[in-house]
Amino acid sequence: MICTNKRCGHDIKAPLELYTGDLACPRCRSRIDLGLEEIKVTARNRELFELSEMWFSYGLARDIDLKIPEAVEAIRIDPQQMIKKATGLATEASLLGHPEARWRVGYYFDRDFVEKDKTESARCKIAAKYYESVFMSPDAEFEGYGQAETDRLKRRAALDYLSMVDALPPSEREYYKRGTERAASLIPGGYLGSGQDGADKSDAETVKDVIDLFDHNVRAPIFGLITVSRDRLDEVGAIISASCVKMRGEVSFQFIPLDRNGMMHAEFEFSRFFIANLGQYIEKAKKLAEREVSIFFFNKLGKHKYLKNRKKELMEYVESPYDPTSIDLMQKLVGRLAKDRVTIFYDDDIAFYNAAKPKAAYKELVKSLTEGE
């Protein structure tokens, strides 16, 4: 799609993916509201979508050793690369308004066919944007698609959306309340549930899932916050300790005790994190915390497309134990996000504000979280 910002006009093929699930233009950083974009079938988006479906079917077939055309067999790429081609083409077709591509990209995020660089919660937020753009569309008939096909696609997107939300832990479902109500209204006879019942993972499992993302070679988290029970800190510490070799000294942490209001404890003092002193940090946090501790991490491992050689510069500011403005920003970040179990930021979120000036971008990000945009 061409960015709707007339001063930009960038041809967007791969948007920024923000921590909220929102999408944005990588050049001018204007947000993309899929719900406002025109949905219709054109010669161009149909071609992209059909190519996407072809690569997806070939990738799945090769993955389970089914027969595929000889011409495809000669292509020396593995099944995951084929599926990556499929998701990229589907994304481009969806941004150009192809209705089924919109649903398909939601499905790819929902079912984890995209690069495995996000937690389930983050993937589902993006999937929801694509699903909602289909079943919440005010268009009774998508141009070039037909009335019956439009109705079927809207119901399918609504049903997949509801099934996805059903599989999430109950603590995460409130975010999808509006979409759930709209989706359920499209199901004939009402939605009876998928029979799934997502359960919250343990604190240790949650921390391990995040650590597993650190060295991702396409898009790795840059920083984030994980809130855990004070009583589970020893288990969490064991997970971090067991991952020391994987992290190679490229990941830093702060164990931030929370008071009864879920804010950074007034007696907590920042200090540099050293893995050799992990036990001391944990004991210090346990003594101050009322019930919970927020673990802040900064990750320099893996691929960071936009920050590149500015990761260290940003880390030294974000985790400075001496800079009052940095500490104030961390207090605000914790106060806003500690109630959410996990919040992960990628350099997409920094690039959205200013990739060339990451410290300024970080300040704007925290401001947007605490003051609204």
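Refer to the preceding data block for the structure.
These notes cover the structure that comes with them. (Residues numbered from 1 in each chain as written. Predicted model: local features only at pLDDT ≥ 70, side-chain atom pairs only at ≥ 80, totals over all residues. Heavy atoms only, no water.)

### Focus on helix α4 (residues 99-110)
Consideration 1: A rise of 1.5 Å per residue sets the reference length of α4, with its 12 residues, at 16 Å; its end C-alpha atoms lie 17 Å apart and thus fit the reference within 8%.
Consideration 2: Among the 12 residues that make up α4, 11 are buried, leaving the element largely enclosed by the rest of the structure.
Consideration 3: For α4, the complete set of buried residues consists of Pro99, Ala101, Arg102, Trp103, Arg104, Val105, Gly106, Tyr107, Tyr108, Phe109 and Asp110. (Helix = DSSP H or I, 4+ residues; strand = E, 2+ residues; numbered from the N terminus. Expected span 1.5 Å × (residues − 1). Buried < 20%, exposed > 50% of the residue type's maximum accessible area, 1.4 Å probe, protein only.)

### Structural notes on the nonpolar core
Consideration 1: Residues Tyr131, Phe135, Tyr161, Met164 and Tyr176 are the most contacted members of the largest nonpolar core, which totals 52 residues.
Consideration 2: Of all elements in the fold, only α1 (43-63), α3 (79-95), α4, α5 (120-135) and α6 (147-166) reach the threshold of two or more residues within this core.
Consideration 3: Broken down by element, the residue count for this core peaks at eight residues, all from α5.
Consideration 4: Apart from the residues lying within four places of it in its own chain, the contact partners of Met164 are Asp110, Cys124, Ala127, Ala128, Tyr131 and Tyr176.
Consideration 5: Formed by 35 residues, the second largest nonpolar core is a distinct cluster that contains Phe270, Phe296, Val366 and Leu369. (Core = buried A, V, L, I, M, F, W, Y, C linked by side-chain atoms within 4.5 Å. Contact = heavy atoms within 4.5 Å.)

### Details of empty space enclosed by the protein
Consideration 1: All told, the structure shown has two cavities of 30 Å³ or more when counted by the stated rule.
Consideration 2: Within this model, the largest cavity holds a volume of roughly 50 Å³.
Consideration 3: Looking at the largest cavity, the residues that line it are Gln254, Phe255, Phe268, Glu269, Ser271, Tyr281, Lys284 and Ala285.
Consideration 4: Its residues placed into classes, the lining of the largest cavity shows four nonpolar, two polar and two charged. (1 Å grid on protein atoms, 1.4 Å probe; cavity = no way out; pocket = protein on both sides within 12 Å on 5 of 7 lines; lining within 4 Å. Points joined across faces, edges and corners; volume = space filled by probe spheres on them. Nonpolar A, V, L, I, M, F, W, Y, C, P; charged D, E, K, R; others polar.)

### Overview of the pattern of salt bridges
Consideration 1: Counted by the stated rule, this structure contains 24 salt bridges.
Consideration 2: For Asp215, the salt bridge goes to Lys246, with nearest N and O atoms at 3.1 Å. In this pair, Asp215 sits in the loop between α8 (203-211) and β4 (221-229) while Lys246 sits in helix α10 (residues 244-247), placing the two residues 31 residues apart along the sequence.
Consideration 3: For Asp215, a relative accessible area of 37% gives the class partly exposed.
Consideration 4: Residue class for Lys246 comes out partly exposed when judged on its relative accessible area of 25%.
Consideration 5: Among the ionic contacts, a cluster of salt bridges with common partners joins Glu17, Lys118, Arg219 and Asp348. (Salt bridge = Lys/Arg side-chain N within 4 Å of Asp/Glu carboxyl O.)

### Quick notes on the sheet that holds strand β5 (residues 251-257)
Consideration 1: One open sheet accounts for four strands, arranged β5-β6-β4-β7; its pairing is antiparallel. The strands lining the two open edges of the sheet, one partner per strand, are β5 and β7 (342-346). Averaged over neighbouring strand pairs, the angle between their axes works out to 15° when direction is ignored.
Consideration 2: Here β4 runs beside strand β6 (residues 292-299); their pairing, made up of seven bridges, is antiparallel. By the bridge assignment for β6, Leu225 is matched with Phe296. (Pairing = 2+ DSSP bridges. Axes fitted to C-alpha atoms, helices over the stretch in contact; angles between N-to-C directions.)

### So, the packing of α5 against α6
Consideration 1: The contact between α5 and α6 brings their axes to 8 Å, and the two run at 155°. Taken together, the axis directions place α5 and α6 in an arrangement best described as roughly antiparallel. Classified by chirality, the crossing of α6 by α5 is left-handed. Contacts between α5 and α6 involve Cys124, Ala127, Ala128, Tyr131, Glu132, Val134 and Phe135 from the first element and Leu153, Lys154, Ala157, Ala158, Asp160, Tyr161 and Met164 from the second.
Consideration 2: Classifying every residue of the contact of α5 with α6 by side-chain character gives 11 nonpolar, no polar and three charged. (Parallel < 35°, antiparallel > 145°, perpendicular 65-115°, else oblique. Left-handed = near helix turned anticlockwise from the far one by under 90°.)

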